[in-house]
Each structure stands twice: as C-alpha cells, then as structure tokens.
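# What the coordinates show
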Amino acid sequence: MIDISQEWVEETKRNIRTKSSGANEEVKGLIKACLKDLEIAGVYVMDADDPLVRQAVKIYCRGNYGYDENTERFREAYVALKDAMALCGDYGRDDGE
C-alpha cells in the first residue's frame, strides 16, 4: 500500500477546510479508504504524487468528511473520476499481481 505522508494528510485537511490536529487520524483513514475503493474498482495506485490520485482523494474526502450541503455532488464527482481512471487502462496492475 502507498505510504500516506503527513504532508498528504495536511494537504487534504486544507482541502476539506479543517485545521484540527485531532482530525489527522480521521483524514488518514479517509485517504486509506479512498485508495482501497480505487483498488476495488481496478485502479491500482503506484504513485502517491499522481495528480489524478491526489484529485480523487480530495474529492472523496470532501464527500465523506463533515456535513456539507455539496456532499452528494462531491460523491458523484468522485465516482465519475474513479470510473474514468478504471477505464483508461493506465492504472492496471503490473507484473501479473
């Protein structure tokens, strides 16, 4: 599994507009959940710095953290991006894993 750096957690916290240090573990859990959801869809993340992966995580977290009136919109956007990544062929497994 991809290493989730503190920098990634902080970047995600800024995106979901929280500064609470108490949110670190929840945000890290959301990042892990997003990566697992991508894997289930056939998107195998090899690079934590891939811009589409970062965007998927941001959208996933916006749709699943807190109570925002746009939650459903973010969830739909995440599903659309996840489906596009799964279909494009660039995120398949290498070496027959």
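A brief report on the enclosed structure follows. (Residues numbered from 1 in each chain as written. Predicted model: local features only at pLDDT ≥ 70, side-chain atom pairs only at ≥ 80, totals over all residues. Heavy atoms only, no water.)

### What about the pattern of salt bridges?
Pairing is possible between side chains of opposite charge, provided their charged atoms come close. Where we set the bar: Any carboxyl oxygen of Asp or Glu within 4 Å of a side-chain nitrogen of Lys or Arg constitutes a salt bridge here. Here a strand is any run of E in DSSP of at least two residues, a helix any run of H or I of at least four, and the numbering for each starts at the N terminus. Throughout, exposure labels follow a simple rule: accessible area from a 1.4 Å probe, protein chains only, divided by the maximum for the residue type, with under 20% read as buried, over 50% as exposed, and the rest as partly exposed.
Tallied over the entire structure, the rule returns eight salt bridges. Here Glu7 ties to Arg54 by a salt bridge, and the two come within 3.7 Å at their closest N and O atoms. With Glu7 in helix α1 (residues 6–15) and Arg54 in helix α3 (residues 51–64), this pair connects stretches of sequence that are 47 residues apart. Taking relative accessible area as the criterion, Glu7 reaches 44% and is therefore assigned partly exposed. Put simply, Asp37 and Lys82 hold a salt bridge, and the shortest N to O gap is 3.0 Å. Residue Asp37 is found in helix α2 (residues 24–40), and its partner Lys82 is found in helix α4 (residues 71–88); the two are separated by 45 residues along the sequence.

### Regarding the side chain of Lys13
Put simply, the rule reads: N or O atoms closer than or at 3.5 Å make up a polar contact, with two conditions inside protein: a donor-capable atom paired with an acceptor-capable one, and, for residues adjacent in sequence, both atoms drawn from side chains. Whether two residues are in contact is decided by their heavy atoms, any of which lying within 4.5 Å being enough.
Within the secondary structure layout, Lys13 lies in helix α1. A relative accessible area of 2% places Lys13 in the buried class. Looking at Lys13, its side chain comes within polar contact range of the main-chain oxygen of Ser20, at 3.0 Å. Excluding residues within four positions of it along the chain, Lys13 makes contact with Thr18, Lys19, Ser20, Ser21, Asn24 and Val27.

### Structural notes on the packing of α1 against α3
Our working definition: Axis lines are fitted through C-alpha atoms, for helices just across the contact stretch, and the angle between N-to-C directions can take any value from 0 to 180 degrees. For this classification, under 35 degrees means roughly parallel, over 145 means roughly antiparallel, 65 to 115 means roughly perpendicular, and everything else is oblique. Throughout, a crossing is termed right-handed when the near helix is turned clockwise from the far one, and left-handed when it is turned anticlockwise from it by less than a right angle. Note on residue categories: nonpolar means Ala, Val, Leu, Ile, Met, Phe, Trp, Tyr, Cys or Pro, charged means Asp, Glu, Lys or Arg, and polar means any other residue, Gly included.
Contact pair α1 / α3: the axes reach a minimum separation of 10 Å and the direction vectors enclose 50°. The orientation of α1 with respect to α3, classified from their angle, is oblique. At the point where α1 passes α3, the crossing takes the right-handed sense. Residues Glu7, Trp8, Glu11, Thr12 and Asn15 of α1 form the contact with α3, whose own contacting residues are Val53, Arg54, Val57, Lys58, Cys61 and Arg62. Considering only residue class, the contact of α1 with α3 consists of four nonpolar, two polar and five charged.

### Remarks on the nonpolar core
For clarity, the threshold we go by: In this description, a nonpolar core means a group of buried Ala, Val, Leu, Ile, Met, Phe, Trp, Tyr and Cys residues linked to one another through side-chain atoms lying within 4.5 Å.
Residues Trp8, Ile31, Leu35 and Leu38 are the most contacted members of the largest nonpolar core, which totals 27 residues. Looking at this core, the elements with two or more residues in it are α1, α2, α3 and α4. Setting aside residues no more than four positions away along its own chain, Leu35 makes contact with Met1, Ile2, Ile4, Trp8, Val45, Val53 and Val57.

### Regarding the packing of aromatic side chains
This is how the line gets drawn: The rule is short: rings of Phe, Tyr and Trp, with Trp giving its six-membered ring, pair when the centres are within 6.5 Å, and they are stacked under 30 degrees, edge-to-face over 60, tilted in between.
This model, assessed by the stated rule, comprises one aromatic pair. On the basis of an interplanar angle of 70° and a centroid distance of 5.0 Å, the ring pair of Tyr60 and Tyr78 is categorised as edge-to-face. You can see Tyr60 sitting in helix α3 and its partner Tyr78 sitting in helix α4, a full 18 residues away along the chain. Summarising the burial analysis for this pair, Tyr60 and Tyr78 share the class buried.

### Observations concerning the environment of Val43
Tracing the sequence through the fold places Val43 in the loop between α2 and α3. Relative accessible area serves as the criterion here: at 0%, Val43 is assigned to the buried category. Between the C-alpha atoms of Val43 and Ala86, which are 43 residues apart in sequence, the distance is 5.2 Å. The contact partners of Val43, leaving out residues within four places of it in the chain, are Leu38, Lys82, Met85, Ala86 and Tyr91.

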